[in-house]
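The residues making up each chain are set out below.
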Amino acid sequence: MVANPEQDFVLKTVESRDVHFVRFWFTDVLGNMKSFAVVPGELESAFEEGMGFDASCIEGFSAAQESDMLAFPDPSTFEILPWRPQANAVARMICDIRTPEGEPYAGDSRHVLERVVRRAAEDGYSFIVGPELEYFYFKDAEGTDVLDHGSYFDLTSLDSASDLRRDTVLTLEKMGIPVEYSHHEKGPSQHEIDLRYADALSMADAVMTYKQVVKEIAMKHGVYASFMPKPMADAPGNGMRVHQSLMDRSGNNVFFDPDDPSGYNLSATAKSYIAGLLKYAPEYTLVTNQYVNSYKRLQPGGEAPTCISWGARNRSTLVRIPGYRPNSESACRVELRSPDPAANPYLAFAVMLAAGLAGIEEGLELMPPADEAAPIGCTRYEHRARGIETLPESLGEAVERFAESKLMRETLGEHIHDYLVRTKREEWEAYQGIVTAWELERNLAVL
């Protein structure tokens, strides 16, 4: 019997719940879920020694000559998969990837986030996030035939996916992932399920699980769910707005200051954090918006931001200060509005935190709010004429800003940084001039 209580719990649960297979989940550099199955008899040694696999088959991992890697399951992530039969049940654990020498692997995006979170902890901070992920339901993976023509918060026959959302929420809760609320989004057949805030690593695990559950439940109902950033030209895109805050070692929200003279209840730490998010946005946008299609969502005229600004009322700004409960310490947070749900959540949360911490360390001053200065619908030219910088206009521009970034190289490590620069440059070159229909065929089935 293993000495670790969490490992012991897993082994006992596997036996008592008739679990015959345990899926080892891990994520490639682009945020795609990977998995292999392990039988119960191998679990005890897997905890101690890891399970070997060929990493040369994984996007962004090792070359063929350095292909041997080990997957170490995290027992705290053990859950039985509710959509599989309960007899001969199947469970999952999320894994950390290590080299044969036992060192964390440079291509493991989960380790990247762990490293940045540890650095924040050394400064006395814990990073709390609460993402809002949007997605579409389509009749199949071959096109964009929608299930309904509803809009925001519809609760009528227009919202034919209510049962799908309900089943998805119940499944997430069975897997220990609390949900705050769910609703129909603005676009036809577009939906949103918001997860209750948690520490960044737990939330990144939850986001990967969330996306898998949404797709599994959709498949169960005979439809297809897509997290593609902009699958339809005449409908809103899918965003992953990320609410975030920092807590001190006593559990106090360091972003909150009721004596803030600006009236936003933001501390000096919060303002420097926001300034970091704004300053480094052009450099981290490749991570939060990593596809050609991502930049079809980041266009003037919609709710997705194009200008690098902040405010409370204007939803066209990159960073918004939610004002639902303005005098509440627990509700004090900032919302980054640019990311989309096709991003790798481990890397996305890592670069957000790194940018915010850089703002604090550099003592950056926060620019004036853009509540009045950047009305919705402004073009990039109009933003720049007002002295407001804009996000990259294309994947190509995002790659070059990312490639030049010292902060991104330090945050992600040379392996992931250089891989993203190389592959995204190739993607940009390959996609230039490609028609929308071809792009849809290429992307819809994987996002």
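This text follows the structure it describes.
This report concerns the structure included in the present document. (Residues numbered from 1 in each chain as written. Predicted model: local features only at pLDDT ≥ 70, side-chain atom pairs only at ≥ 80, totals over all residues. Heavy atoms only, no water.)

Observations concerning the overall build of the protein chain
Alright, step 1. Each helix and strand counted, the protein chain has 13 helices and 15 strands in total.
Alright, step 2. Within the protein chain, residue pairs in contact and separated by at least 24 positions form 70% of the contacts whose partners lie at least 6 positions apart.
Alright, step 3. As displayed, the protein chain has an accessible area near 18600 Å², and 49% of this comes from carbon and sulfur atoms. (Helix = DSSP H or I, 4+ residues; strand = E, 2+ residues; numbered from the N terminus. Contact = heavy atoms within 4.5 Å. Areas by Shrake-Rupley, 256 points an atom, 1.4 Å probe, with all protein chains shown as cover.)

Quick notes on the packing of aromatic side chains
Alright, step 1. Applying the stated rule across the entire model yields 12 aromatic pairs.
Alright, step 2. Taken together through their ring pairs, the aromatic side chains of Phe24, Phe26, Phe36, Phe53, Phe61 and Tyr105 make up a single cluster.
Alright, step 3. A cation over an aromatic ring shows up here: Arg98 above the ring of Phe72, its NZ or CZ 4.0 Å from the ring centre.
Alright, step 4. Against the face of Tyr291 rests Lys424, its NZ or CZ located 4.2 Å from the ring centre. (Phe/Tyr/Trp six-rings, centres within 6.5 Å; stacked < 30°, edge-to-face > 60°. Lys NZ or Arg CZ within 6 Å of the ring centre and 35° of its normal.)

A few points about the pairing of strand E6 (residues 89–98)
Consecutive residues of a regular strand have side chains that alternate between opposite faces of the sheet.
Alright, step 1. Most of E6 is tucked away: nine of the 10 residues are buried.
Alright, step 2. Relative to E6, strand E1 (residues 19–27) runs parallel, the two sharing six bridges. Its bridge partner lying in E6, Val19 is registered against Ala89.
Alright, step 3. Bridge count between strand E4 (residues 68–73) and E6: four bridges; the pairing is antiparallel. Pairing of Ala71 across the sheet is with Ile97, part of E6.
Alright, step 4. Relative to E6, strand E5 (residues 79–80) is paired through two bridges, and the arrangement is antiparallel. By the bridge assignment for E6, Ile80 is matched with Ala91. (Buried < 20%, exposed > 50% of the residue type's maximum accessible area, 1.4 Å probe, protein only. Pairing = 2+ DSSP bridges.)

Considerations on the side chain of Arg92
Alright, step 1. Of note, Arg92 is situated in strand E6.
Alright, step 2. Of the side chains with opposite charge, Glu79 comes closest to the buried, unpaired Arg92, at an N-O distance of 5.5 Å.
Alright, step 3. For Arg92, the side chain forms a polar contact with the main-chain oxygen of Thr77, separated by 2.2 Å.
Alright, step 4. At a separation of 2.8 Å, a polar atom in the side chain of Arg92 contacts the side chain of Thr209.
Alright, step 5. With residues up to four places along the chain from it excluded, the contact list for Arg92 reads Val22, Arg23, Trp25, Thr77, Phe78, Glu79, Leu81, Met175 and Thr209. (Lys, Arg positive; Asp, Glu negative; His and termini not counted. Salt bridge = Lys/Arg side-chain N within 4 Å of Asp/Glu carboxyl O. Polar contact = N/O pair within 3.5 Å; in protein donor to acceptor, adjacent residues only side chain to side chain.)

Things to note about the packing of helix H7 (residues 281–288) against helix H12 (residues 406–431)
Alright, step 1. Contact geometry for H7 and H12: axes closest at 11 Å, N-to-C directions at 60°. Taken together, H7 and H12 sit at an angle that is classed as oblique. In the crossing of H7 with H12, the sense of the turn from one axis to the other is left-handed. Taking contact as the criterion, the partners of Glu283, Tyr284, Leu286 and Val287 in H7 are, on H12, Leu407, Met408, Leu412, Leu420 and Lys424.
Alright, step 2. Residue composition of the contact of H7 with H12, by class: seven nonpolar, no polar and two charged. (Axes fitted to C-alpha atoms, helices over the stretch in contact; angles between N-to-C directions. Parallel < 35°, antiparallel > 145°, perpendicular 65-115°, else oblique. Left-handed = near helix turned anticlockwise from the far one by under 90°. Nonpolar A, V, L, I, M, F, W, Y, C, P; charged D, E, K, R; others polar.)

Digging into the packing of helix H3 (residues 109–122) against H12
Alright, step 1. Where H3 contacts H12, the axes come no closer than 10 Å and their chain directions differ by 160°. By the angle class used here, H3 and H12 are roughly antiparallel. Where H3 crosses over H12, the two elements pack in a sense that is right-handed. In this structure, H3 uses Ser109, Val112, Arg115 and Val116 to contact H12, whose residues at the interface are Glu410, Thr411, Leu412, Gly413 and Ile416.
Alright, step 2. Tallied by class, the residues present in the contact of H3 with H12 amount to four nonpolar, three polar and two charged.

Some remarks on the environment of Ile217
Alright, step 1. Among the secondary structure elements, Ile217 is positioned in helix H5 (residues 200–220).
Alright, step 2. The class of Ile217 is buried, set by a relative accessible area of 3%.
Alright, step 3. Residues Ile217 and Thr168, 49 residues apart in the sequence, show an inter-C-alpha distance of 6.2 Å.
Alright, step 4. In contact with Ile217, other than residues within four places in its own chain, are Leu164, Asp167, Thr168 and Thr171.

Some words on the nonpolar core
Alright, step 1. The biggest cluster of nonpolar side chains holds 101 residues, and the ones touching the most others in it are Tyr284, Phe349 and Leu420.
Alright, step 2. Setting aside its immediate chain neighbours within four residues, Phe349 contacts Leu113, Phe127, Val129, Pro131, Ala200, Met203, Ala204, Val207 and Val242.
Alright, step 3. Residues Phe47, Ile58, Ala71 and Cys95 belong to the second largest nonpolar core, which totals 27 residues. (Core = buried A, V, L, I, M, F, W, Y, C linked by side-chain atoms within 4.5 Å.)

Topic: the pattern of salt bridges
Alright, step 1. Going through the model one piece at a time under the given rule, you end up with 23 salt bridges.
Alright, step 2. Between Arg241 and Glu134 there is a salt bridge whose closest N-O contact spans 3.0 Å. In this pair, Arg241 is assigned in strand E12 (residues 240–247) and Glu134 in strand E7 (residues 126–138), connecting sequence segments 107 residues apart.
Alright, step 3. The network of salt bridges with shared partners includes Glu132, Glu134, Glu185, Glu192, Arg241, Arg320, Glu335 and Arg337.

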